[in-house]
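# Structural overview for review
Spelled out from the first residue to the last, the chains are:
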Amino acid sequence: MTKAFAARFAALSGLVLKGDARSLHRNGAQWRIETPEGPVDAPVAVLALGPWTPDVLGAFGLRLPLAVKRGYHRHFRPRGNAGLSRPVVDADVGYCVAPMEQGLRLTTGAEFAARDAPPTPAQLDRLLPAARALFPLGDPVEAVPWLGSRPCFADSRPVIGPAPGQPGLWLAFGHAHWGLTLGPATGRLVAELIAGATPFCDPKPYRANRF
């Protein structure tokens, strides 16, 4: 889906370049990032890198109390002619089974672990017998479960706004489970703040210096 958004942006005359975000640095009054096509300079840069944002912020001496909630899922083929028309949540055991194009997705709860720690899909192993007792799940589609890392702050609010002490650098990360949902609203808020327009909502609850 992200690639489709990028393709649509390019179709509307947008320019998409790929580079290593960790190369971001000041170049006089500009921010510069290196790409295979050459350096790109701009007076404003926005960091929206989810759980990888601290890898860039650390170079500027900025450290915010970001944690990671990791989650696992795996797709399974249904047995026989079984079908599922909507997601089903087993709140007592703690999992969700949802129909997807790839198959029936079994999703776990949250795991508190370091972002780059080795996978430990024990939750998925424990949940599978309960899920199979409820629904006829067949063989797994993927060889190994998928693992995702959700960037979270303790107050369950993202950081959206200027980076402290770094003029022209803006932050938009830490949306936890709501990153996809809040992406459009975050983009609008950041754009309005950068442009000096009246923001559509109060940005103060999301400022980085609240910590």
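Residues numbered from 1 in each chain as written. Predicted model: local features only at pLDDT ≥ 70, side-chain atom pairs only at ≥ 80, totals over all residues. Heavy atoms only, no water.

## With respect to the sheet that holds strand β12 (residues 159-162)
Heads up, the rule is: Strands qualify as paired when DSSP identifies two bridges or more between them. A run of DSSP states H or I qualifies as a helix once it reaches four residues; a run of E qualifies as a strand once it reaches two. Both are numbered from the N-terminal end. Every axis corresponds to a line fitted to the C-alpha atoms, with the helix fit spanning only the stretch in contact, and the corresponding angles, defined between N-to-C directions, vary from 0 to 180 degrees. Working rule for contacts: check all heavy atoms of both residues, and any pair within 4.5 Å makes them a contact.
On the basis of which strands lie adjacent, the open sheet formed by three strands has the order β4-β13-β12 and mixed pairing. Looking at strand neighbours, the two that pair on one side only are β4 (45-47) and β12, the edges of this open sheet. Within this sheet the neighbouring strands show an average axis-to-axis angle of 15 degrees, counted without direction. Pairing between β12 and strand β13 (residues 169-173): four bridges, direction antiparallel. Bridge pairing links Val159 to Phe173 in β13. Across the sheet, helix α4 (residues 179-195) lies against β4, β12 and β13, angled at about 165 degrees from β13, the strand it touches most.

## A short note on the side chain of Thr35
Defined as follows: N or O atoms within 3.5 Å of each other form a polar contact, as long as, within protein, one can give a hydrogen and the other can take it, and as long as residues adjacent in sequence are counted only when both atoms are side-chain atoms.
Within the secondary structure, Thr35 sits in strand β2 (residues 30-35). A polar contact is formed between the side chain of Thr35 and the backbone oxygen of Gly38, at a distance of 2.6 Å.

## Considering helix α3 (residues 122-134)
Short version of the rule: The seven residues ending at a residue and the seven starting there each receive a fitted axis; the angle between those axes is the bend at that residue. Working definition: with a 1.4 Å probe on protein chains only, accessible area under 20% of the residue-type maximum means buried, over 50% means exposed, and in between means partly exposed.
In α3, a bend of some 35 degrees at Leu128 exceeds every other bend along the element, and Pro129, a proline, comes one to four places later. Within the span of α3, buried status applies to Gln123, Leu124, Leu127, Leu128 and Ala131. Of the surrounding elements, those touching the buried residues of α3 are β5 (67-78), β7 (95-100), β8 (103-107), β9 (111-112) and β10 (137-140).

## So, unusual backbone geometry
Of note in this structure, Ser13 is not a glycine but carries a positive phi near 80 degrees. Tracing the sequence through the fold places Ser13 in the loop between α1 (2-11) and β1 (25-27). Phi at Ala176 is positive, roughly 55 degrees, even though this residue is not glycine. Along the chain, Ala176 turns up in the loop between β13 and α4. Exposure remark for Ala176: the relative accessible area of 15% places this residue in the buried category.

Interpretation in functional terms is not warranted from these geometric data alone.
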